[in-house]
Amino acid sequence: MSQTDIQQTIASFTSIEQALDYFDIGFDSRFINEHRTELVKRFNGYLILEKPDDWFSGRRALKNAYCKIQRSQLDKHTRSACRGCTSCQRR
């Protein structure tokens, strides 16, 4: 899949759930409903910063966005782990 193919595929998504399914990332629908706009904005921001050239780089951008929002919900004053994050590799 070329760079333009993956960009066209990402542009064709009508919801963030489609992107999560396409990139094979498990998600909590309650979390998505709560943080949908944040997630879409962060994902699009990562795509602007670095254009995905294959499926893996697109998946990495979405995983990073999802994980960043998950981690932002943690208490900053404790050393709590990223619990319940289905895409986090920082466990």
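Quantities reported herein were computed from a predicted structural model and do not represent experimental measurements.

Caption draft 1: Geometry of the overall build of the chain. Per the secondary structure count, the chain includes four helices and zero strands. Listing every helix and strand of the chain by position from the N terminus yields α-α-α-α. Within the chain, buried positions represent 33% of all 91 residues. Long-range contacts, defined as pairs at least 24 residues apart, comprise 50% of the intrachain contacts of the chain with a sequence gap of at least 6. A total of about 6,100 Å² of accessible surface is found on the chain, and carbon and sulfur atoms cover 48% of it.

Caption draft 2: Local environment of unusual backbone geometry. One non-glycine residue with positive phi stands out, namely Asp24, at about 55 degrees. The topology assignment puts Asp24 in the loop between α2 (16–22) and α3 (29–49).

Caption draft 3: The arrangement of the packing of aromatic side chains in detail. Scanning all chains against the criterion turns up six aromatic pairs. Centroid distance Phe13 to Phe23: 6.4 Å. Interplanar angle 80 degrees. Geometry classified as edge-to-face. Of this pair, Phe13 sits in the loop between α1 (3–11) and α2 while Phe23 sits in the loop between α2 and α3, placing them 10 residues apart in sequence. You can call Phe23 buried: its relative accessible area is 0%.

Basis of the calculations
- Residues numbered from 1 in each chain as written.
- Predicted model: local features only at pLDDT ≥ 70, side-chain atom pairs only at ≥ 80, totals over all residues.
- Heavy atoms only, no water.
- Helix = DSSP H or I, 4+ residues; strand = E, 2+ residues; numbered from the N terminus.
- Buried < 20%, exposed > 50% of the residue type's maximum accessible area, 1.4 Å probe, protein only.
- Contact = heavy atoms within 4.5 Å.
- Areas by Shrake-Rupley, 256 points an atom, 1.4 Å probe, with all protein chains shown as cover.
- Phe/Tyr/Trp six-rings, centres within 6.5 Å; stacked < 30°, edge-to-face > 60°.

This is a description of form; function is not addressed.
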